[in-house]
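Structure assessment
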Amino acid sequence: MASISLRGVQKAYGDNAPVIRDVDLEIGKNEFCVFLGPSGCGKSTLLRMIAGLEDVTDGDVSIGGKLVNDVPAAQRGVAMVFQSYALFPHMTVYENMAFGLKLAKTPKADIDRKVREAARILQLEALLERHPKALSGGQRQRVAIGRAIVREPGVFLFDEPLSNLDATLRGQTRIEIARLHKQFAEASVVYVTHDQIEAMTLADKIVLLHSGKDTERYGSIAQVGAPLDLYHRPASRFVAGFIGSPRMNFLPATVTAIDTNGVSIQLDGSGETLTLPRQGAALAVGAPVTLGVRPEHLEPVQEGAAQSVPNTLALTRKVTLVEALGEHSYVHLDQPGGTVLIAKAPGDALLGSGDSAHFRANAALCHLFAEDGFAVAPLDTVETHA
């Protein structure tokens, strides 16, 4: 098992702007760490620098306390599983899984023991004599994982391993990877994905990277934390908008008062008011802000029910679309300025296009973002986001 340490890591190609920028990160022993972000944010590049497949332009990469900037990939003690499987088509499953061990001149008895044990764990025992063309996509990915397992590395690196699978296989293989991590508890895992469901269900720690659309922060870390930390306590509007499906609703507002109770705001265009228990030191009356509220935190109520509850945002909007999904429905609501507000309602909610609908949201579940996009901290915390 091995920890991973990144200190001031940067990656640039030629004279172009860095695609990885000032990354400081600690990944502990036995930890399942997910690099998450939109396509093109640099997460695979960061993974490849850990693997030794990309050179580091600046900064240090250490594995197990050893600086590995100049250590070849084959000598870093890591095993990588690629999106494309990268299996040899002319070799059987057994031969594919044994290939790396043969190159390392491992004794035949040890090769056979390790391959058959990995096949047992991955439920591939009946497929050892087949060639890749005779396997399904999920089976091929399990072979690729098995090839990594037999090497018994201290670090497993997964580069979007489920992207080529259909939805059902993706769910099944995700469960298998989670089970494997518990079975090989001594190994650290770094896993790249743009799928937040994979990140939320697999990770001990999520590293969310900024989008390439944000040129000033591109390639830097937006937030690091446990999955529910990013969900409940996003450090910025970017994090809040990326984590959660459907995405968080963002409502433009203006600060109307700041006192010991927190920050009072008024929604632009509609006039609803709310006081949030937030620190107002960095804000001023009249400052533009953004109120964030997740669809699942907008509760459908009868007319007038929300106004009587303190510390509650009360909204009345016209329904423009209802997505009925069975257990629940997503209700699209008309919003001043031409934007759309999405609320989550029970599947049997009697709402249709053109209806006037009433919703409420507890202030404690709402988020407030300053003009620069960073979250305004709750009153009971002194932590700030840089």
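Our subject is the structure that appears above.
Keep in mind that what you see is a predicted model, and the values were worked out from it rather than measured.

A word on the overall build of the chain. For the chain, the helix and strand inventory stands at 8 helices and 20 strands. Counting only C-alpha atoms and orienting by the principal axes, one finds that the chain spans roughly 75 × 45 × 35 Å. In the chain, which comprises 386 residues, the proportion classed as buried is 50%. In the chain, once contacts between residues fewer than 6 apart in sequence are set aside, the share between residues at least 24 apart is 65%. Here the chain displays about 18400 Å² of accessible surface, and carbon together with sulfur accounts for 50% of that area. Of the charged side chains in the chain, 37 are positive and 43 negative; the average position of the first set lies 8 Å away from that of the second.

So, on to the packing of aromatic side chains. What the rule picks out here adds up to 6 aromatic pairs. Note on Phe-158 and Tyr-191: the rings are 5.7 Å apart at their centroids and 35° apart in plane angle, and the pair reads as tilted. One end of the pair, Phe-158, is in strand S7 (residues 155-159); the other, Tyr-191, is in strand S8 (residues 188-193), with 33 residues separating them in the sequence. Here the basic side chain of Arg-237 rests over the ring of Phe-250, its NZ or CZ set 4.3 Å away from the ring centre. The residue whose ring lies beneath Arg-294 is Tyr-231, and the NZ or CZ to ring-centre distance is 4.3 Å.

To continue, consider the sheet that holds strand S4 (residues 58-63). Backbone-to-backbone hydrogen bonds join strands into a sheet, with any given pair of strands oriented parallel or antiparallel. With antiparallel pairing, 4 strands are arranged side by side in an open sheet as S2-S1-S4-S5. In this open sheet, the two edge strands, each paired with only one partner strand, are strand S2 (20-27) and strand S5 (66-67). Across 5 bridges, the pairing between strand S1 (residues 4-11) and S4 is antiparallel. Its bridge partner being in S4, Gln-10 is matched across the sheet by Asp-58.

Let us now look at the side chain of His-210. For His-210, the position within the fold is in the loop between strand S9 (205-209) and strand S10 (221-225). By relative accessible area, His-210 is classed as buried at 7%. Apart from the residues lying within four places of it in its own chain, the contact partners of His-210 are Cys-41, Arg-217, Tyr-218, Gly-219, Ser-220, Ile-221, Ala-222 and Phe-238.

Two numbers describe how helix H4 (residues 137-149) lies on helix H5 (residues 167-183): the axes approach to 10 Å, and their chain directions differ by 20°. One element, H4, and the other, H5, form an angle in the roughly parallel class. Read as a crossing pair, H4 and H5 show a hand that is right-handed. Contacts between H4 and H5 involve Gly-138, Arg-142, Ile-145 and Ile-149 from the first element and Leu-169, Glu-176, Ile-177 and Leu-180 from the second. Per-class residue counts for the contact of H4 with H5 are 5 nonpolar, 1 polar and 2 charged.

Before going further, it helps to examine helix H3 (residues 108-121). Here H3 spans 20 Å end to end across 14 residues, near enough to the 20 Å set by a 1.5 Å rise per residue. In this structure, the buried side of H3 is in contact with helix H2 (93-103), H4 and H5.

On to a negative patch on the surface, then. A cluster of acidic residues, Asp-22, Asp-24, Asp-58 and Asp-60, forms a negative patch on the protein surface. Contributing elements (two or more residues each) for the negative patch: S2 and S4.

This paragraph deals with the nonpolar core. If you look at the biggest cluster of nonpolar residues, it comprises 48 residues, and the most contacted ones within it are Met-97 and Tyr-191. Apart from the residues within four sequence positions on either side, Met-97 is in contact with Val-115, Ala-118, Ala-119, Leu-124, Leu-128, Val-143, Gly-146, Arg-147 and Val-150.

Attention now goes to empty space enclosed by the protein. In the structure shown here, the tally under the stated rule is 1 cavity of 30 Å³ or more. In this model, the largest cavity occupies a volume close to 100 Å³. Counting residues per element, the ones that place at least two in the lining of the largest cavity are H4, S7 and H5. Per-element tally for the lining of the largest cavity: the top contributor is H5, with 3 residues.

With that settled, the discussion passes to the sheet that holds S9. Read from one edge to the other, the open sheet built from 6 strands follows the order S6-S7-S8-S3-S9-S10, with strand pairing classed as mixed. Each end of this open sheet is capped by a strand with a single partner; those strands are strand S6 (78-81) and S10. On average, adjacent strands in this sheet sit at an angle of 15° to one another, irrespective of strand direction. Across 4 bridges, the pairing between S6 and S7 is parallel. The residue bridging Val-81 from the neighbouring strand is Phe-158, located in S7. Packed on one face of the sheet, helix H1 (residues 43-51) meets strand S3 (32-36), S6, S7, S8 and S9 and runs near 150° to S7. Packing against the sheet, H4 makes contact with S6 and S7, and its axis sits at approximately 175° to S6.

What counts, and where the lines are drawn
- Residues numbered from 1 in each chain as written.
- Predicted model: local features only at pLDDT ≥ 70, side-chain atom pairs only at ≥ 80, totals over all residues.
- Heavy atoms only, no water.
- Helix = DSSP H or I, 4+ residues; strand = E, 2+ residues; numbered from the N terminus.
- Buried < 20%, exposed > 50% of the residue type's maximum accessible area, 1.4 Å probe, protein only.
- Contact = heavy atoms within 4.5 Å.
- Areas by Shrake-Rupley, 256 points an atom, 1.4 Å probe, with all protein chains shown as cover.
- Lys, Arg positive; Asp, Glu negative; His and termini not counted.
- Charge placed at Lys NZ, Arg CZ, Asp CG, Glu CD.
- Phe/Tyr/Trp six-rings, centres within 6.5 Å; stacked < 30°, edge-to-face > 60°.
- Lys NZ or Arg CZ within 6 Å of the ring centre and 35° of its normal.
- Pairing = 2+ DSSP bridges.
- Axes fitted to C-alpha atoms, helices over the stretch in contact; angles between N-to-C directions.
- Parallel < 35°, antiparallel > 145°, perpendicular 65-115°, else oblique.
- Left-handed = near helix turned anticlockwise from the far one by under 90°.
- Nonpolar A, V, L, I, M, F, W, Y, C, P; charged D, E, K, R; others polar.
- Expected span 1.5 Å × (residues − 1).
- Patch = residues over 30% accessible without salt bridge, like charges linked within 9 Å, V, L, I, M, F, W, Y side chains within 5 Å.
- Salt bridge = Lys/Arg side-chain N within 4 Å of Asp/Glu carboxyl O.
- Core = buried A, V, L, I, M, F, W, Y, C linked by side-chain atoms within 4.5 Å.
- 1 Å grid on protein atoms, 1.4 Å probe; cavity = no way out; pocket = protein on both sides within 12 Å on 5 of 7 lines; lining within 4 Å.
- Points joined across faces, edges and corners; volume = space filled by probe spheres on them.

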